[in-house]
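# Chain and residue survey
Okay, here's what each chain looks like letter by letter:
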Amino acid sequence: MEKSNTTKQERYVAASGYLFELGYMISWLTQIDSEFTKFHFEQENKIIKMVIIPGIAILFAGMLWESAVSKFLIYVGALIILVSFVLSIKGARHALNGEKKKVV
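A short tour of the structure in this document, coming up. (Residues numbered from 1 in each chain as written. Predicted model: local features only at pLDDT ≥ 70, side-chain atom pairs only at ≥ 80, totals over all residues. Heavy atoms only, no water.)

### With respect to the overall build of the protein
Keep this limit in mind: By the criteria applied, helices consist of DSSP H or I runs no shorter than four residues and strands consist of E runs no shorter than two, each listed in order from the N terminus. Any residue under 20% of the maximum accessible area for its type is buried, any over 50% is exposed, and the rest in between are partly exposed; the area is computed with a 1.4 Å probe on protein chains only. Between two residues, a contact is recorded if the distance between any of their heavy atoms is within 4.5 Å. Working definition of accessibility: Shrake-Rupley area with a 1.4 Å probe, residue cover restricted to the visible protein chains. As used throughout, the charge tally considers Lys and Arg to be positive and Asp and Glu to be negative, leaving His and the chain termini uncounted. Charge positions are represented by NZ for Lys, CZ for Arg, CG for Asp and CD for Glu.
When its secondary structure is counted, the protein shows 4 helices and 0 strands. Overall, the protein is about 55 × 25 × 15 Å in size when its C-alpha atoms are taken along their principal axes. Burial statistics for the protein: of 104 residues in total, 38% are counted as buried. The contacts in the protein between residues at least 6 apart in sequence include a share of 62% that link residues at least 24 apart. Element-wise, carbon and sulfur atoms account for 67% of the exposed surface of the protein, whose accessible area totals about 6800 Å². Charged side chains of the protein number 12 positive and 9 negative; the gap between the two group centres comes to 7 Å.

### Some points on a nonpolar patch on the surface
What counts is decided by this rule: Patch definition: residues above 30% relative accessible area lacking any salt bridge, with like charges linked at up to 9 Å and the nonpolar side chains Val, Leu, Ile, Met, Phe, Trp and Tyr linked at up to 5 Å. When a carboxyl oxygen of Asp or Glu lies within 4 Å of a side-chain nitrogen of Lys or Arg, that pair is called a salt bridge.
A cluster of nonpolar side chains, L19, F20, L79, L82, V83, F85, V86 and I89, forms an exposed patch at the surface whose accessible area comes to about 760 Å². Looking at the nonpolar patch, the element that brings in the most residues is helix α4 (residues 68-96), giving 6 residues. Summarising the element assignment, I89 is placed in helix α4.

### Quick word on the nonpolar core
To be explicit about the condition: Put simply, a nonpolar core is a bunch of buried Ala, Val, Leu, Ile, Met, Phe, Trp, Tyr and Cys residues held in one set by side-chain atoms that sit within 4.5 Å of each other.
With 10 residues, the main nonpolar core is built from A14, A15, Y18, F36, I47, V51, L87, A92, A95 and V103. Listed by contribution, the elements that provide at least two residues to this core are α1 (8-19), α3 (35-64) and α4. Once you skip the residues sitting within four places of it in the chain, I47 turns out to touch Y18, I52, S84, L87, S88, V103 and V104.

See the structure below:
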């Protein structure tokens, strides 16, 4: 855990990147200016690549596949998406506290 000296604006931009689509875009546009927002932008990208995209793929596979397994896949996909939401909240909390702590 690395505590950094960051401004409130950097903290809010980094935290909004985890929670809102517009915040993600703002974080993407301002990441060059701050090492802190760049770090948290990369963490959110890891959540998207490693959790959200596979979760959505499993969810849609469960919706399209008509068998007994499809209900299981729908529940697993929904659980994975819920886990990604929890990880995003955890990352936003670290950003608001000014910590450069890995989420994933």
